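Here are the chains, one letter per residue:
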Amino acid sequence: MPCCDALCQYDTNKLVRIQSVRLGSLKWSLNAAILLFICILMLWNRKYQEFDLVVSSVTSKVKGVAQAHLPGDGDVVWDEVDYSGPWQDKNSFFVATNVIVTKDQKQGKCPQVPLKGRYCHSDKDCEKGAWDQQKHGIQTGSCVKFDILKKTCEVSAWCPIEKRTSPPRPAVLAAAENFTVLIKNNIRFPAFNFIRRNILPQMNDAYLRSCHRGNDSLCPIFRLGDIVREAGEKFSEMAIEGGVIGIQIKWDCNLDRLMQRCLPTYSFRRLDEKESNRTLYPGLNFRFAKYSMVNGVEERILYKVFGIRFDVMVFGQAGKFSFIQLIIYIGSTLSYYALTTILIDWLIGTSCYSADVGQNYSEKKVEAIRDSTKCILCVSYIDESNLRLVKRSHKKSLQDIRAMSLQQRMEDSGYLKAIICLLQPDVDTNQDSQPLDRKVDSTSNPCPPSWCVCKCCAPSSVPQEQLCCRHSEGVCITSSPLFERLVLCRSLLEAVLLYKDPLSPSGGHFNATDLRHCAYRQYISWRFGVAPKDTHPAIPSCCVWRIRVEYPSPDGQYGGFRPALMASMQACADSDM
């Protein structure tokens, strides 16, 4: 059964082995280089390990005291409660660096601070109950004096309203540059049940009091000025409007026993846009107030605080040897060895090797199969050394079709030896050297068709039969002595038929049909040699009619040119000799 036959079959690739010291040395050199590259890549990227991502938690503690001069208050001492206090978030902390203070605010009515030159001239310019995001209160509908020359709309708000919009320069709390922060980072790799913190076991209290990032990259205590400097900024400039700094902690852990290493590395960068003229709201600021009761009236002090927020970002991975990952990596890198074959094939096809070597290798390696729906005819002209491959046409004469490609004619050495042996008893070999222009018995056609150049072809209505033995004008091949001896000689044709079937019942006496078909095969073997695969040799019209004259059909009917039949005749010719 076909299904069972398919199940019991095994297909494998065909290999071509080239015996060459140069190519063999090149192959093993390339394979060694690829193996070295794979090993280096495996060790460098730890491709033999299984990896797990880090799970992390972060806490921080800021230390430092600064003395700031506030207008109206004089010198005021700020400690960590004042500049850091409650403004901490998950995995981040805030440090105040600049401040605008508005004192003695009470609930009441007062003129609105003009924004972008907005003034009023009468009460009509002020809408009662109106408010917007740029104003500090709700309009009462009255237009009152802001100063001697200008009027603004009156608002119900905390009065007096904050007047200053730009932060002080230099920053009021510029001394925060010398503050320090202790960052405590606890990590875990669930897949390996591995826990670690950035405060390593060997770090004691004495170490933490004396360590400094300048001489110890693992120190978990950082000076704020150093953090900003390593982020590529100046603390004195950044402290004016504030900003956001990212503290990146990277864990790249190797948990293999012989190479165990799991230490943090710290890096810093600014996260917000630092150019004030490129952003609509530069820096980082917010407001808060301190409330008190004075003579039974609630008052407050408004603080507009500018500062730097430090976001601590932890990322990383841990790797541990895994035999499965090693096998997967080895399997994925085996395809790299195909580069050796590609490079050597390319070298053989280039000028590094001779054309004969490249063609021989290509023929041994590649087996070309043509599309069965396209009929490719092979044409051999007596005045050309190469074979022409042309597409079959049902409209255009075969003589006039342009060649798809030219291929070198390959002699069939076995055929030549067999023919010489068969001709030797009764043929003088000196006749083989006679020139082609020696006339034998060949009749010229007084009215040859337009596509004929040898003047001996017979007209035909079939385009694929409209072929002459020559491409340019000259003597017809049927006038050659070799055509007479190799194609038409009866004794030779009978010997070839007996060679094929030595026990033929005809006893050596063959009919005209057998001899005619044998003559066709003789011509194909003589003029085409080993024809290209999947092509159909086409016999010129003059040769066909010369053979038919010598060995006519009893009823005068002939099958004509059929490519499939010609292909089978060629196969028979190859097997005969």
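Residues numbered from 1 in each chain as written. Predicted model: local features only at pLDDT ≥ 70, side-chain atom pairs only at ≥ 80, totals over all residues. Heavy atoms only, no water.

## Thoughts on the overall build of the protein
So, step 1. What the protein contains, in helices and strands, is 15 helices and 18 strands.
So, step 2. Burial status across the protein gives 40% buried among its 577 residues.
So, step 3. Long-range contacts, defined here as pairs at least 24 residues apart, represent 68% of the contacts in the protein between residues at least 6 apart.
So, step 4. Accessible area of the protein: about 34300 Å², with a carbon and sulfur share of 54%. (Helix = DSSP H or I, 4+ residues; strand = E, 2+ residues; numbered from the N terminus. Buried < 20%, exposed > 50% of the residue type's maximum accessible area, 1.4 Å probe, protein only. Contact = heavy atoms within 4.5 Å. Areas by Shrake-Rupley, 256 points an atom, 1.4 Å probe, with all protein chains shown as cover.)

## So, the environment of C489
So, step 1. Checked against the element boundaries, C489 lands in the loop between α11 (481-488) and α12 (490-500).
So, step 2. Once the C-alpha coordinates of C489 and L515 are considered, the two residues, 26 residues apart in sequence, prove to be 9.6 Å apart.
So, step 3. With residues near it in sequence (within four places) discarded, C489 still touches E484 and Y551.

## Some details on helix α8 (residues 338-349)
So, step 1. Look at α8: 17 Å from first C-alpha to last across 12 residues, which is about the 16 Å you get at 1.5 Å a residue.
So, step 2. Taken as a whole, α8 has its buried residues at T340, I344, L347 and I348. An end-on view of α8 places all buried positions within 100 degrees of arc, on one side of the element. Within α8, the exposed residues directed more than 90 degrees away from the buried face are L339, I342, W346 and G349. (Expected span 1.5 Å × (residues − 1). Arc of directions from axis to C-beta.)

## Section: the state of the cysteines
So, step 1. A full pass over the atoms with the stated rule returns 5 disulfides.
So, step 2. One disulfide bridge connects C126 with C153, the sulfur atoms lying 2.0 Å from each other. Taking the torsion about the S-S bond as the criterion, the C126 to C153 disulfide, at about -90 degrees, is left-handed. Of this pair, C126 sits in the loop between β5 (92-111) and β6 (138-145) while C153 sits in strand β7 (residues 151-159); the two residues are 27 residues apart in sequence, bridging distant segments of the chain. Taken individually, C126 and C153 each receive the classification buried, so the pair is uniform in this respect.
So, step 3. Disulfide pairing is shown between C253 and C262; the S-S distance is 2.0 Å. (Disulfide = S-S within 2.5 Å.)

## Focus: the side chain of S553
So, step 1. Relative to the elements of secondary structure, S553 occurs in the loop between α14 (541-550) and α15 (563-576).
So, step 2. On the accessibility criterion, S553 (12% relative accessible area) is buried.
So, step 3. A polar contact is formed between the side chain of S553 and the side chain of D555, at a distance of 2.6 Å. (Polar contact = N/O pair within 3.5 Å; in protein donor to acceptor, adjacent residues only side chain to side chain.)

## Overview of a nonpolar patch on the surface
So, step 1. Where nonpolar side chains cluster on the molecular surface, the patch consists of F321, F323, I327, I330 and L334 and spans about 510 Å² of accessible area.
So, step 2. Ranked by residue count, the leading element in the nonpolar patch is helix α7 (residues 323-333), at 3 residues.
So, step 3. Looking at the secondary structure, you find F321 in strand β14 (residues 297-321). (Patch = residues over 30% accessible without salt bridge, like charges linked within 9 Å, V, L, I, M, F, W, Y side chains within 5 Å. Salt bridge = Lys/Arg side-chain N within 4 Å of Asp/Glu carboxyl O.)

## Let's talk about the side chain of D226
So, step 1. Here D226 is to be found in helix α5 (residues 224-230).
So, step 2. With relative accessibility at 12%, the residue D226 sits in the buried group.
So, step 3. Within the structure, D226 has its side chain in polar contact with the side chain of R229 (distance 3.3 Å).

## Description of the pattern of salt bridges
Side chains bearing opposite charge may pair, as long as their charged atoms lie close to each other.
So, step 1. If you walk through the whole model with that rule in mind, you get 15 salt bridges.
So, step 2. Among the salt bridges present, the one from R209 reaches D205, with a minimum N-O distance of 2.8 Å. A residue pair is termed a helical-turn pair when its members lie 3 or 4 positions apart in one helix, as R209 and D205 do in helix α4 (residues 205-210) at 4 residues.
So, step 3. With a relative accessible area of 70%, R209 lands in the exposed category.
So, step 4. The salt bridge involving R309 is made with D311; its shortest N-O contact spans 3.0 Å.
So, step 5. The exposure class of D311 is buried, given its relative accessible area of 14%.
So, step 6. Linked by salt bridges that have partners in common, E177, R223, D226 and R229 make up one network.

## What to know about the nonpolar core
So, step 1. F93, V95, F189, L224, I227 and F310 are the most contacted members of the largest nonpolar core, which has 48 residues in total.
So, step 2. Ranked by residue count, the leading element in this core is β14, at 6 residues.
So, step 3. Setting aside chain neighbours within four positions, we find F310 in contact with N91, S92, F93, V95, L224, I227, V228, I245 and I247.
So, step 4. Grouped together as the second largest cluster of nonpolar side chains are 40 residues, I382, L387, I477 and Y523 included. (Core = buried A, V, L, I, M, F, W, Y, C linked by side-chain atoms within 4.5 Å.)

## Focus: the sheet that holds strand β16 (residues 386-391)
For sheets, the rule is that strands pair by backbone hydrogen bonds, running either parallel or antiparallel.
So, step 1. Strand order in this open sheet of 4 strands is β17-β16-β15-β18, and the pairing throughout is mixed. What marks the edges here is a single partner per strand, and that holds for β17 (405-408) and β18 (536-537).
So, step 2. The pairing of strand β15 (residues 376-379) with β18 spans 2 bridges and is parallel. Across the sheet, the residue bridging to L377 is H536, located in β18. (Pairing = 2+ DSSP bridges.)

## Observations concerning the packing of α11 against α14
So, step 1. One can describe the packing of α11 onto α14 by two numbers: an axis separation of 12 Å at closest approach and a directional angle of 60 degrees. In this view, α11 runs oblique relative to α14, as classed from their interaxial angle. Handedness of the crossing formed by α11 with α14: right-handed. Along its contact with α11, which presents F483, E484, V487 and L488, the element α14 presents C543, R546, I547 and E550.
So, step 2. Class assignment of the residues belonging to the contact of α11 with α14 gives a composition of 5 nonpolar, no polar and 3 charged. (Axes fitted to C-alpha atoms, helices over the stretch in contact; angles between N-to-C directions. Parallel < 35°, antiparallel > 145°, perpendicular 65-115°, else oblique. Left-handed = near helix turned anticlockwise from the far one by under 90°. Nonpolar A, V, L, I, M, F, W, Y, C, P; charged D, E, K, R; others polar.)

## Notes on the pairing of strand β9 (residues 194-197)
So, step 1. Pairing of strand β8 (residues 180-189) with β9 involves 4 bridges; the strand directions are antiparallel. Counted as the bridge partner of R188 is I195 from β9.
So, step 2. Between β8 and β9, which pair antiparallel in sequence order, lie 4 residues; one of them, N193, sits at a positive phi of approximately 50 degrees.

## A word on the packing of α11 against α12
So, step 1. Their axes nearest at 6 Å, the elements α11 and α12 cross at an angle of 35 degrees. Of α12, the residues touching α11 (which contributes R485, L486, V487 and L488) are R490, L492 and L493.
So, step 2. Its residues placed into classes, the contact of α11 with α12 shows 5 nonpolar, no polar and 2 charged.

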